[in-house]
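Analysis of the macromolecular model
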There are 2 protein chains.
Amino acid sequence: MAKAGEAADKHEDCGARPGKGTLIIIGGHEDKAHGREILKEVARRVRGGRLVIATVASHKPEGYFESYQEGFDGLDVGELLELYVEERAEASRQEKLELFDGAAGVFFSGGDQLRITSQIGDTPLEARIREVYEAGGVVAGTSAGASVMCETMLVSGHSRESYRIGDLQMAPGLGLVRGVIIDQHFAERGRIGRLLGAVAQNPRVLGIGIDEDTAIVLEGGQFQVIGNGAVYVADGAGITHSNIAEARRDEPLSLYGVRLHVLSRGDAFDLARRQPVSAETLEAGEGQRSDGRAV
Amino acid sequence: MAKAGEAADKHEDCGARPGKGTLIIIGGHEDKAHGREILKEVARRVRGGRLVIATVASHKPEGYFESYQEGFDGLDVGELLELYVEERAEASRQEKLELFDGAAGVFFSGGDQLRITSQIGDTPLEARIREVYEAGGVVAGTSAGASVMCETMLVSGHSRESYRIGDLQMAPGLGLVRGVIIDQHFAERGRIGRLLGAVAQNPRVLGIGIDEDTAIVLEGGQFQVIGNGAVYVADGAGITHSNIAEARRDEPLSLYGVRLHVLSRGDAFDLARRQPVSAETLEAGEGQRSDGRAV
C-alpha cells in the first residue's frame, strides 16, 4: 500500500466525516429475495434496532415499504417504519421526527434524488437523520438514495452515451460523504461516460460508479465492496488534458489520464490516499483500521 | 508530448505494420445520410479508385451493399463492388480475387466477426486484401469489421455488465493492427466492462473502445479520431492488481490502476508511446509525422 504522503494530505478531507456512523451506498436493485447480501449487511449493523425506510425519493411510494418489509423479513431488524413526505411542510412535523427516536438507521429507497433534497434538505427531519448518523447509526441508500449521499450529487445525464459538454445536471446533495460523486446502476446502464464527465468538471471529486446489487460500506475514510457486481473508481488527479471548458456544447468530452480501478466483493478503498486495498491484503491482516476493526 | 523512451521501446511493435496503407476502424452505425463524415474520409482516401464492400460478416448480406451504394453516392469513389462469400471455397475463386484488381480499398460491413475470419482467413482472398493494404490502400471496417482488424479479436462477451471471470470469447483476427484489442458500439452498449476484462487478460494489449458513428484513422503507429462520438483507450501497463487468474468463474473482475483516455474528434494517439495528442497540439503544428503529414 502507498504510504501517507502528498496524496493523503491533498485528499484528507475525503470520505465520511470522522467519528460518525456507517454509510451503505447501493447501486440499485439490491437482491431482496435470494442471498440478500446487502440487506443482511444493513441488518447486521442495525443490530436489532429500529430502521426507518425513507421512501421520500418516490413520487408514488406505494409498494416500496412493503417490498422492504419482505426483504428484511427474518433478518435482525427490530422495527421497520416508513418515512414518507408528501409536502416539504411535513418535514417539520413531530410525528415524522419521532420516527427516528432511538432509530439505529435509515434506508433511502430509489426514485428521484431531487425529491429527497427538495423535500427534506435543511429541515428538522434532515437534522434528525444526521443525528442518527452522528451517533454511530447507519444511513443506507439505493439508486437515487445512493446519489444523494454526496455533497454535489449527479441528478441526470445520458446513459449509454459518451459524455457531451453540458450534458449533466448536478445539485447539492445531503453531503454525508465528501470529495466523491456517486453514480448507480453503473454497468447496467452504461454510465462510465457521465461519471467521467462529472470528474472532468472538477477532478477534486473522485468518481464512484456502483453496479446494481452492489454496495460500498463506508466508515471514516475507507469503504469496502459487498454484493454481486463491481464498483468503479475514477481518479482524475492525474488528468493532463480536458476540453470541458473550451469545447462547444454537445461536443464529446476529451479527457486524458484518468486512473480507473475496478473493485469487487471484499476489495476496499482508502479515500484519502486514493488507493485500493485488495481483499487478499485485508485477509492477510494488513489494511486494518487504527481501532482494530477490519476496514 | 512524452519523449520516446522506455514506453516507446516497450510498445514499439504496436500499431499498424510500418510502410502500409490506412486502416479506418469504425464503431458501427456510421452516418450514411447526413454529414457522412466517416464515409467522406473513406472516399477521400480512396481518391476515385475502386472500393470493395465486403459484406462477408453477414449471414444475410441482402441490403448491406445497397445501403453503402446510397451512403457513398456523390462522394469521390470510382467504383463500388460487392464481395460476398457464402462458402469458404469461394475465397479462392478467380472472380472473387479479381474484384481487388486495381482496388484502392476494401470496406468490411458489420455482422459476425467469426464469419469474416472463418470464411476468408488464410485464403487467397485474404492475401489479396493484404496486398491492397501493403500497397498503400485503405482497409475500413465497421462493427464486426472493426473488431476483426486485431491480431486477437473480441468475439463475444456481455454488454451492460461488469466483466466476470471467464465471460469473454476471443479469437485470432486478421492481424492488420498489432498490440491492441478493439471493441465497438462502445458507449451505446455499455462495453467498458468487457474491454477492461480483455485488457486484464494481458495488459500488453491496449484496449480501444469506439463509439457508434465514430472512427479511428490509423497510419503507422498513430491514429486520429473522426466522427461524432468518443474513443476510449484503456492502458493496462500500470495495473497493480488483478484477480483474473485467481478468482472463480463468474466472479466480477477486480483490477487496479488502469490508465484511461477519452478521445474525441481531432484527438490523436501514439500507440508506441501510449500517449494521446490533443487536437490543439496537432493544430499548433506539433505532432507532425516525419513525412510532414499531420498525424
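Residues numbered from 1 in each chain as written. Chains lettered and ligands numbered in written order. Predicted model: local features only at pLDDT ≥ 70, side-chain atom pairs only at ≥ 80, totals over all residues. Heavy atoms only, no water.

The condition that has to hold: UniProt positions are given in the numbering used here, feature names are shortened, and annotations may be inferred rather than shown by experiment.
In the nomenclature of an unreviewed UniProt entry, chain A is known as Cyanophycinase of Deinococcus hopiensis KR-140. In its Catalytic activity (unreviewed entry) section, UniProt records this for chain A: "[L-4-(L-arginin-2-N-yl)aspartate](n) + H2O = [L-4-(L-arginin-2-N-yl)aspartate](n-1) + L-4-(L-arginin-2-N-yl)aspartate". In its Function (unreviewed entry) section, UniProt records this for chain A: "Exopeptidase that catalyzes the hydrolytic cleavage of multi-L-arginyl-poly-L-aspartic acid (cyanophycin; a water-insoluble reserve polymer) into aspartate-arginine dipeptides."

**Thoughts on helix α5 (residues 113-120) of chain B**
Residue and element names in this part refer to chain B. What counts, and what does not: Burial here depends on accessible area, computed with a 1.4 Å probe over protein chains only, as a share of the maximum for the residue type. Under 20% is buried, over 50% is exposed, and the range in between is partly exposed. Only DSSP runs of H or I with at least four residues qualify as helices, and only runs of E with at least two residues qualify as strands; both kinds are numbered from the N terminus onward. Residues are treated as being in contact if the distance between any of their heavy atoms lies within 4.5 Å. Two N or O atoms form a polar contact when they lie within 3.5 Å of each other; inside protein one atom must be a possible hydrogen donor and the other a possible acceptor, and for residues adjacent in sequence the pair counts only when both atoms belong to side chains.
A large share of α5 lies buried, amounting to 6 of its 8 residues. Where α5 is buried, its residues contact β5 (103-108), α6 (124-134), α7 (144-147), β7 (152-156) and β8 (169-172). Its side-chain oxygen placed 2.9 Å from the backbone nitrogen of Leu114, Asp112 serves as the N-cap of α5. Asp122 sits one or two residues past α5 and shows a positive phi near 60 degrees.

**What to know about the side chain of Asp213(A)**
Residues and elements named next belong to chain A. Cut-off, in case you're wondering: Here the positive residues are Lys and Arg and the negative ones are Asp and Glu; neither His nor the chain ends is included. By convention in these notes, a salt bridge is any Lys or Arg side-chain nitrogen within 4 Å of a carboxyl oxygen on Asp or Glu.
Residue position: Asp213 is located in the loop between β11 (206-210) and β12 (214-219). Look at Asp213: it is buried, it has no salt bridge, and the nearest opposite charge is Arg265 at 6.7 Å. At 3.0 Å, the side chain of Asp213 and the backbone nitrogen of Asp31 are in polar contact. Sequence-distant contacts of Asp213, that is, excluding residues within four places in its chain, are made with Gly28, His29, Glu30, Asp31, Ile38, Gly227, Asn228 and Gly229.

**Structural notes on the pattern of salt bridges**
All names here are of chain A. Under the defined criterion, the tally for this structure stands at 30 salt bridges over all chains. Glu134 is the partner of Lys20 in a salt bridge, and the nearest nitrogen-oxygen pair spans 3.0 Å. Of the two residues, Lys20 sits in the loop between β1 (15-16) and β2 (22-26) while Glu134 sits in helix α6 (residues 124-134), which places them 114 residues apart along the sequence. A salt bridge links Arg45 to Glu219; the shortest N-O distance between them is 2.8 Å. With Arg45 in helix α2 (residues 37-46) and Glu219 in strand β12, this residue pair connects regions lying 174 residues apart in the sequence. Glu219 sits in the buried class, given a relative accessible area of 12%. Residues joined in a network through salt bridges with shared partners are Glu41, Arg44, Arg45 and Glu219.

**What about the relation of the copies chain A and chain B?**
Here is the rule: Superposition of the copies was done by least squares, using only C-alpha atoms of residues whose pLDDT is at least 70 in both.
Once chain A has been moved 0.0 Å along the axis and rotated by 180 degrees, it coincides with chain B to within an RMSD of 0.0 Å. Such values leave the two copies arranged in the relation of a two-fold axis. Closest approach to the rotation axis within chain A is made by the C-alpha atom of Gly190(A), at a distance of 2.0 Å. Of the residues that chain A buries at the interface, 100% are likewise interface residues in chain B, meaning the two copies contact each other through the same surface.

**Here's the deal with the confidence of the model for chain A**
Residues and elements named next belong to chain A. Where we set the bar: For every residue, the predictor states its confidence as a pLDDT score lying anywhere from 0 to 100.
Chain-level pLDDT for chain A is 91 on average; 91% of the residues reach the 70-or-more range. Under a pLDDT of 50 for its full length, residues 1-9 has, in the predicted model, 11 contacts with residues more than four places off or in other chains. Across residues 287-295, where pLDDT falls below 50, the model places 14 contacts with residues more than four positions away in sequence or in other chains. Both scores are available for the predicted complex, with the pTM at 0.91 and the ipTM at 0.88.

**What to know about unusual backbone geometry**
Generally, phi is negative for residues other than glycine and the peptide bonds are trans, each holding for most cases. With phi around 50 degrees, Arg160(A) is a residue other than glycine that occupies positive phi space. A positive phi angle, close to 50 degrees, is found at Arg36(B), a residue other than glycine. Tracing the backbone through its elements, the reader meets Arg36(B) in the loop between β2 (22-26) and α2 (37-46). Judged by relative accessible area, which is 16%, Arg36(B) ranks as buried.

**Description of the interface of chain A and chain B**
To keep things clear, this is the line we draw: A 1.4 Å probe defines the accessible area here, and the buried area is the portion of it lost by two parts on being joined, summed over both. Only Asp, Glu, Lys and Arg are considered charged, only Ala, Val, Leu, Ile, Met, Phe, Trp, Tyr, Cys and Pro nonpolar, and every remaining residue, Gly among them, polar. In this analysis, strands are considered paired if DSSP registers two or more bridges between them.
Each side of the interface is counted separately: chain A has 38 residues, and chain B has 38 residues. Of the roughly 2900 Å² buried at the junction of chain A and chain B (both faces included), carbon and sulfur atoms supply 52%. Counting the contacts that link chain A with chain B gives 0 salt bridges. Where chain A meets chain B, there are 24 residue pairs in polar contact (both at pLDDT 80 or more). The dominant element in the side of chain A that touches chain B, judged by the number of residues it contributes, is strand β16 (residues 255-263) of chain A, at 9 residues. Taken together, the residues that form the side of chain A that touches chain B break down as 17 nonpolar, 13 polar and 8 charged. Here 5 bridges tie β16(A) to strand β16 (residues 255-264) of chain B, and the two strands are oriented antiparallel to one another. Paired with Val262(A) across the bridge in β16(B) is Leu255(B).

**With respect to the UniProt feature "active site" (unreviewed entry) in chain A**
Residue and element names in this part refer to chain A. Under the UniProt annotation, the feature "active site" (unreviewed entry) is placed at Ser143, His185 and Glu212. The annotated residues occupy 70 residues of the chain but converge on a single region, no pair of C-alpha atoms lying more than 8.4 Å apart. For Ser143, the position within the fold is in the loop between β6 (138-142) and α7 (144-147). A relative accessible area of 13% means that Ser143 is categorised as buried. Those residues in contact with Ser143 that sit more than four places away from it in its chain are Ile26, Gly27, Gly28, Gly110, Gln184 and His185. With respect to the helices and strands, Glu212 occurs in the loop between β11 and β12. Here Glu212 falls in the buried class, since its relative accessible area comes to 18%. The residues contacting Glu212, other than those within four sequence positions of it, are Gly27, Gly28, His29, His185, Glu188, Arg189 and Gly229. Separated by 2.7 Å, the side chains of Glu212 and His185 make a polar contact.

**Some words on the packing of aromatic side chains**
Inclusion rule: Ring geometry is summarised as follows: Phe, Tyr and Trp rings, the Trp one being its six-membered ring, pair when their centres sit within 6.5 Å, and such pairs are stacked at plane angles under 30 degrees, edge-to-face over 60 and tilted between the two.
The tally for this structure, following the rule as stated, stands at 10 aromatic pairs over all chains. Aromatic pair Phe186(A) and Tyr232(A): ring centres 5.1 Å apart, planes at 40 degrees, arrangement tilted. Note that Phe186(A) is positioned in the loop between β10 (180-183) and α8 (192-201) and Tyr232(A) in strand β14 (residues 231-235), a separation of 46 residues in sequence. Taken individually, Phe186(A) and Tyr232(A) each receive the classification buried, so the pair is uniform in this respect. Between Tyr68(B) and Phe107(B), the aromatic rings sit 4.7 Å apart at their centres with planes inclined by 50 degrees, giving tilted as the arrangement. Here Tyr68(B), found in helix α3 (residues 64-71), pairs with Phe107(B), found in strand β5; they are 39 residues apart in sequence, far enough to count as distant. Grouping aromatic residues by their ring pairs yields a cluster made of Tyr68(A), Phe72(A) and Phe107(A).

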